[in-house]
Amino acid sequence: MDAFDLRMLQALQDDGRLTNNDLAERVGLSASQCSRRRAALEESGVIVSYHAHLSREALGLDVLVYVQVTLATHSPDNARRFKELVDGLDEVQEAYSLTGDTDYLVKLAVPTLKVLSRLLADVFLPHPTVAHVRSSIVLDRVKQTNRLPLQHLKGIRPPD
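Residues numbered from 1 in each chain as written. Predicted model: local features only at pLDDT ≥ 70, side-chain atom pairs only at ≥ 80, totals over all residues. Heavy atoms only, no water.

Time to look at the packing of aromatic side chains. Applying the stated criterion to the full structure yields one aromatic pair. Centroid distance Phe82 to Tyr104: 4.5 Å. Interplanar angle 35 degrees. Geometry classified as tilted. With Phe82 in helix H4 (residues 76-87) and Tyr104 in strand E3 (residues 104-110), this residue pair connects regions lying 22 residues apart in the sequence. Tyr104 carries the same exposure label as Phe82, and that label is buried. (Phe/Tyr/Trp six-rings, centres within 6.5 Å; stacked < 30°, edge-to-face > 60°. Helix = DSSP H or I, 4+ residues; strand = E, 2+ residues; numbered from the N terminus. Buried < 20%, exposed > 50% of the residue type's maximum accessible area, 1.4 Å probe, protein only.)

So, on to the nonpolar core. Of all hydrophobic cores here, the largest spans 21 residues; its most connected members are Val67, Val69, Phe82, Val106, Leu108 and Phe124. When near neighbours in sequence (up to four residues on either side) are disregarded, Phe124 contacts Val69, Phe82, Leu85, Val86, Leu89, Val92, Val106, Leu108, Leu119, Val130 and Val133. Ranked by size, the runner-up nonpolar core spans 15 residues in total, among them Met8, Leu9, Ala11 and Val27. (Core = buried A, V, L, I, M, F, W, Y, C linked by side-chain atoms within 4.5 Å. Contact = heavy atoms within 4.5 Å.)

What follows concerns the pattern of salt bridges. Taken as a whole and assessed by the stated rule, the structure comprises ten salt bridges. Arg37 is paired through a salt bridge with Asp2; the nearest N and O atoms lie 2.9 Å apart. Of this pair, Arg37 sits in helix H3 (residues 31-43) while Asp2 is found in the segment before helix H1 (3-14), placing the two residues 35 residues apart along the sequence. Exposure remark for Arg37: the relative accessible area of 22% places this residue in the partly exposed category. Note on Asp2: relative accessible area 14%, which makes it buried. Residue Arg37 pairs with Asp5 through a salt bridge whose shortest N-O separation is 2.9 Å. One end of the pair, Arg37, is in helix H3; the other, Asp5, is in helix H1, with 32 residues separating them in the sequence. Salt bridges sharing common partners tie together Asp77, Arg80, Arg81 and Glu84. (Salt bridge = Lys/Arg side-chain N within 4 Å of Asp/Glu carboxyl O.)

Put into structure tokens, the structure is as follows:
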């Protein structure tokens, strides 16, 4: 990876729909060079995907919730069954296995508090893997970004 790749990544984080011509213009390469570099970044797994970022609020998903989950028992089978539970719920936006007192942190997007209540009472709590849940409802979004910090890559050798 060099400084051209870094500039490409920064530009694509701003706008993933850039054409090769537009991207090439922004980073100072020809469109064909840009296309080859983008393909290499995709092939290497640095660029994982392109997608539309939908507005949760515009789609009526007004309640954003973080749920801390403690498992009933700790075993590979229980972890697998809990993963299957969250994989099967469209409301789950993200789920993380954690260290400390909480085993998992689950981010949910739901339309109403009633839907949240149903999910917690009828799906999470009765699940055999789950011992305890604690939910925190988001009052206001202070910052949201999908951009990754790339400053640690600034020492990359400049292009010739």
